[in-house]
Structures are given as structure tokens and as C-alpha cells.
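# Coordinate analysis (summary)
For reference, the chains in residue letters:
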Amino acid sequence: MNSSSSYLLHTSCPSCGAEIGIRSATAVTAICGYCHSVLLVNQNKLLESGRHSAVLSDLSPLQIGTTGKWQGKSFILIGRIQVHYEAGLWNEWHALLADGSSAWLSETNDRFVFTRLQPASASEEKLPEFSSLEVGKTFFKYQSRWYAVADIHKTSRGQYAAEGELPVQLPNSETALVADCRNGLSFITLDYSSGQQQPEVFAGRGVTLKSLKLQNTRTKEQIRSQAGYIKGSNKRGKCPNCGGEILWISGITDYVLCLYCRSKLDMSEEAALQKNISERRQQQERQLTIKIGSKARINNENWWVLGAVVLFEVSVEKVFRDVPLYIQAEREESDEEDSLGWTEYLLYSPRKGFLWLLELENNQWALASTLDDWPVLSAPLEPIDLKRKNIPFLYDYAAQVIYAAGAFYWQVSPGDRMYYIDYGCKAHKLSTTLTDNEQSWSVVSTIPASLVAAWFQNDKNISIEAKPLAPDKAVEIVREHQGIKAKDFNADNIRKWSRQTFINSLFDIYNPNFWIALFIVLNLPVIFIILVGGPANYDHGVVALEVFGSAFGLLMTVPKLKTRLLNQTRKYNIYIAAILLIALTWLDYAVHETDTNSSGGYYYSSSGRWHK
């Protein structure tokens, strides 16, 4: 911490007499750290406002006095505004830069953005009105750059709390109208809360705490002494509604969903406070493969499973009616139990942050990481590479939450719906997720089940149908995923990833490509005869083509077949595929033996027969 000699104003609180130091020449408001009085700074004096304010101890790693560097300039955090609203809270940290100017470090959902207030200018393009902003549609120009809407905060019952010193007055209003907008590395916040025709604009970019080279952050020991528990530690308690045991990770999130009765619980304080008890739903019968609270060992770091969300696919038009749809034929409506579904697990590491683990059908898995920097966009839903070429579209789909348990850094409820668009290739996808008020971009990488088995191999309660991957290979896969950014999605990389995926599929018995390749290898003599030796006079190779067509159709379908009978018995599909392979290969050779004998021809064999 800086000594008192660095303060521009060194005085005492007029309410309680505690010592207060003011660092910034532009300070308008100061909050006493002892009695929490909101004080007005006026001509080197502190005046009582009659208000009090205290921030929630949310266990942020940041604190008043944290220092670092941004854009080559040193800064120190000297104040914080904390906004509480219906779905959670976010922090706005007031940073004093070395040149005496102010900036803001926003902290929400484990994402950090550094911005500065931009001067108003009559020559600027007219910005859109708040009521016209729409996620996935609005695209506007500001200072020669185009922006899409990333997040819309319309807080009607917000509560403002603060600490330290601020260059603005602490808002009295309970209404906040704020929109975050992005494109590539660029980020702006439009603040309409003042009621003026044009919003205030804060411009900057997303950052990681590591890039800021922070000093004097809160240590685990400080958090233990101040809050009574450490960020990331396991907490247990009883649901106040049904008495069932609830497990969450302290200091990470405000919201937990009871695994048993589906009650929403507010964990922002030490006690579990019931919220919206009347909202109940029948417990989902599907059992989670990975249990809440389990610990994974990923690249020599401990990661905890905070929560799990089970989703199933729904019609896109039910979620977003007006977005430009890429799909040409919608999947037919079906019962919930037959719909395509998947599970998303939220993993947390005290040092690394958050990571999503996706469990798909047929023991397929993927990793997803939210991007701090967006891809460059030519339109709200059209990412382009550095050569300004469109990134290849894969598919779009919508999903609805049918089950959620554990802790999350936002409020999640059964019935929530999202719209997804994926670009790139199967191995690595650039994926965007949209809700009514938010859009985010992520990198999603396909990973083998053996990698997940390696992470949880020390947990006897978790069983993954795969042999744990070798440690060095596991490290390599995770590092590759974490190293991929939006700018890496270009034609050359996508071709390379696709080629590698195809090669890997040839060695995966659960992949249809394995069985097709094996069938071709076993039937190479017949293929050679048709292409080089000439077809049999009897059928001119028509029967062979029919056998090959049937083989390809069946072997492409059976390994990934899912029916009520075969659901979660995928190993039986492999047995069926093996039987089909043997039968079709025998049939192919039998047909050619018959053709040879009936035509009197020969295929490079004295007996007129090919043998296996």
C-alpha cells in the first residue's frame, strides 16, 4: 500500500472520525471504510450525504490498493461500485492511472474488461437508442468501427454499493440501462442510465488478470481471515425447503439449485436463503456421469465440478424467430426423452478460472472456453478471418435447460433457452451462444473419452468408458485447446484440423470411418479385380457395387445407432458392426466366386477363385 504522502487529501471522516486519504484529484465521492458513510468531496472537505453503503464480500481477487499495468501505464485500484440486480451482481473498479486520469476495470462472470470514458463529440455517429438494441441483430458504427451487442443490462430493481473513492456520485437511481458491445479486440460500454439522448461511451478491451501484472491482490490467507472461508473451498449445507444436502464452492457464485426439490437458493451470504420456493419441477431421472463437487486433475491443477446443466435440442424458431437461420431442414418435433441432449459441466480452478466440459451422446466429449476477445465480425452472426473471408459455417441449433444442479456464476433455471451457431470444423469450433440479452463466443474442442478418464481416474465414484490417456498426451491436448483463439480460425488451420480428425477416426472403433476403412482393406482383392482385372461377365460388377453400397450404408449407421433398446449400450453396436463386417465381406467374396464359376472367367488364380 502507498504511504500517506501519496494522498492529495488526508483528513478524517466527519461521521465517525476515522482516517481517510484521497488519491485522485477528480474524486467526487468517498466511502468511509469503517462506518460506510457516503461522503461528498467538496473543496478539500468531506461532507456527509446522509447515505451509507457497504459492498458484499464476494471474494474477488481484487481489492482497494491493487496495482498493475494497462497499456503500458501503471495504475492502482482506489474505488469500486458494486451493482446488484435480479440475476446477480457486477463490479466496476475505479483505477487511477499514473498520469492522474481514471479508468474502469469491470468484473462480471469471471470476465474482466478495462475501459475509459470517451469524450462526447457532436461529430460522432448517432448511437442507437437503448430500446432498439437486440442481441444477434443490432450492428452499428462508432469511431469508424462496427459493433455487435454482447450484453444488455436493464436493471429495474438494482442496488448500488461502493467503497473507496469514485470520480462520480454514487447513483441514487435503482435503474441501470447498460449495453456492452464488441467486435474483435474492440469493446465499448454504452451507459444510458443518465437519461440523456446519447449514452456515455466507455471504450477499451477484454483483459486477463495475468496480463495486468497485478500486485497486492487478495491472498487466500487474507480471504480466510476476512471472510471466514477460501474462494474455491467445498461447502455443505441443508436445503431449507426439502432438507436435502447441497454442495457448492464458496466465493464463486451467488446461486445454487437444489439437486432434490429444484428450489433456487441464494448463496451470496453464508446462510442458504430460499428464493422462489414455489418454482418446483419433477427431478430429472437422468443420472449425471460426473457428480457435483468431484475433483479433476488437469495439467497438474485441481479443478472442481461446480455445477451441471442438462439440455435438449428444441426448434430454433422457438428461441429466436427473426435471426437468419442457416439450417435448411428442421429436425422433426419429438418427445423430450427422444430429443438430442447433452450435459455441460462447469469446472473451476482457483488459479485458472472456469472451464466447460461437455458430455455428448455415445461417450463423446468436448471442452469449451469463453473467449475474452471476440472474432472479427462483418455482421452480428458472421465471423471473418484475418483475410476477411467468412469462417465456414457448420450448423445452428437451439436448446432448453431441463435440469440444472450445483453452483453457477449466473442464474440458471430449467426452461432457459439458448441459440447456438458453430463455425470451423468438428475438431475445433468457433461457437456463439445467444440468449435474449446476451451473446458470447467460445472455442469448443472435441476431446477423447480417455482424456476425461485420465482427469477423474482417482475418483472411484466416476466411471468413464475408456482407458485413461497417457499424462503427456493429456497435457498436449489441453494446451492445444487453451492456445486456440478466435484469430486462429482460418482456412489453413481448419483444413489441418479436419485432416487430423479424419486420420484419428480411422483408429477409433466407435467411429464409422474405422469400419468403412476396415471393410475396404479386407475387400481390396475384389476392388482390384473390378478396377484392374475387369468385371465378371455374369453381372459386370453390379452385384459387387450393391454389396459395397449396403456395407457402407450399414457400417456408417450401426456404430452410432441410438434407439430405445440400444440406448447406453453402445458396446453392442460395435459387436453388431463386427458381425456385419464379417457377413458382408463373406458375401462379397461369395458373389465373386459364383460369378467366376458361372462365367468361366478367372481372377489371377489358377482355380478361378480368390481366397481371403
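Overview of the structure. Please read these numbers as outputs of a predicted model, since none were measured by experiment.

Calculation notes
- Residues numbered from 1 in each chain as written.
- Predicted model: local features only at pLDDT ≥ 70, side-chain atom pairs only at ≥ 80, totals over all residues.
- Heavy atoms only, no water.
- Helix = DSSP H or I, 4+ residues; strand = E, 2+ residues; numbered from the N terminus.
- Buried < 20%, exposed > 50% of the residue type's maximum accessible area, 1.4 Å probe, protein only.
- Contact = heavy atoms within 4.5 Å.
- Areas by Shrake-Rupley, 256 points an atom, 1.4 Å probe, with all protein chains shown as cover.
- Pairing = 2+ DSSP bridges.
- Phe/Tyr/Trp six-rings, centres within 6.5 Å; stacked < 30°, edge-to-face > 60°.
- Patch = residues over 30% accessible without salt bridge, like charges linked within 9 Å, V, L, I, M, F, W, Y side chains within 5 Å.
- Salt bridge = Lys/Arg side-chain N within 4 Å of Asp/Glu carboxyl O.
- Polar contact = N/O pair within 3.5 Å; in protein donor to acceptor, adjacent residues only side chain to side chain.
- Arc of directions from axis to C-beta.

What follows is about the overall build of the protein chain. Across its full length, the protein chain holds nine helices and 32 strands. The proportion of buried residues among the 612 residues of the protein chain is 47%. Within the protein chain, contacts between residues separated by at least 24 positions form 58% of all contacts whose residues are at least 6 apart in sequence. Surface summary for the protein chain: the accessible area is close to 30700 Å², and the carbon and sulfur share equals 51%.

Alignment of strand S9 (residues 102–108) against strand S10 (residues 111–117), held across five bridges, turns out to be antiparallel. Within the sheet, the bridge partner assigned to threonine 108 lies in S10 and is arginine 111.

A few words on the packing of aromatic side chains. In total, this model carries 15 aromatic pairs according to the counting rule given. For the pair phenylalanine 130 and tyrosine 192, a centre-to-centre distance of 5.3 Å together with 65° between the ring planes defines the contact as edge-to-face. In this pair, phenylalanine 130 is assigned in the loop between S10 and strand S11 (139–142) and tyrosine 192 in the loop between strand S15 (186–191) and strand S16 (200–207), connecting sequence segments 62 residues apart. Judged by its relative accessible area of 13%, phenylalanine 130 is buried. Between phenylalanine 139 and tryptophan 146, the ring centres sit 5.4 Å apart and the planes meet at 15°, which makes this aromatic pair stacked. An aromatic cluster is built from Trp342, Tyr395, Tyr397 and Tyr420, whose rings are joined through pairwise contacts.

Moving on, we get to the side chain of lysine 429. For lysine 429, the location among the structural elements is in strand S31 (residues 428–434). Taking the relative accessible area as the measure of exposure, lysine 429 reaches 14% and is therefore buried. Beyond its immediate sequence surroundings of up to four residues, lysine 429 is in contact with Leu394, Tyr395, Asp422, Tyr423, Ser442, Val443, Val444 and Phe489.

Attention shifts here to a nonpolar patch on the surface. A cluster of nonpolar side chains, contributed by Ile520, Val521, Leu524 and Phe552, occupies part of the molecular surface with about 310 Å² of accessible area. By the element assignment, leucine 524 lies in helix H7 (residues 524–533).

Bringing the side chain of histidine 94 into the picture now. Within the element layout of this structure, histidine 94 appears in strand S8 (residues 88–97). A relative accessible area of 0% means that histidine 94 is categorised as buried. For histidine 94, the side chain forms a polar contact with the main-chain oxygen of glutamate 165, separated by 3.0 Å. In contact with histidine 94, other than residues within four places in its own chain, are Ile76, Leu77, Ile78, Gly79, Arg80, Ser102, Ala103, Trp104, Glu165, Leu166 and Pro167.

Quick look at helix H6 (residues 512–522) now. Buried within H6 are the following residues: Pro512, Trp515, Ile516 and Phe519. Buried residues along H6 cover an arc of 100° about the axis, so they all sit on one side.

Turning our eyes to something else, we now look at the environment of alanine 30. Inspection of the secondary structure puts alanine 30 in strand S3 (residues 29–31). Under the relative-accessibility criterion, alanine 30 is labelled buried at 2%. Along the backbone, alanine 30 and cysteine 13 are 17 residues apart, and their C-alpha atoms lie at a distance of 9.6 Å. Apart from residues lying up to four places away in sequence, alanine 30 is in contact with Ile22, Ser37, Val38, Leu39, Val41, Gly164 and Glu165.

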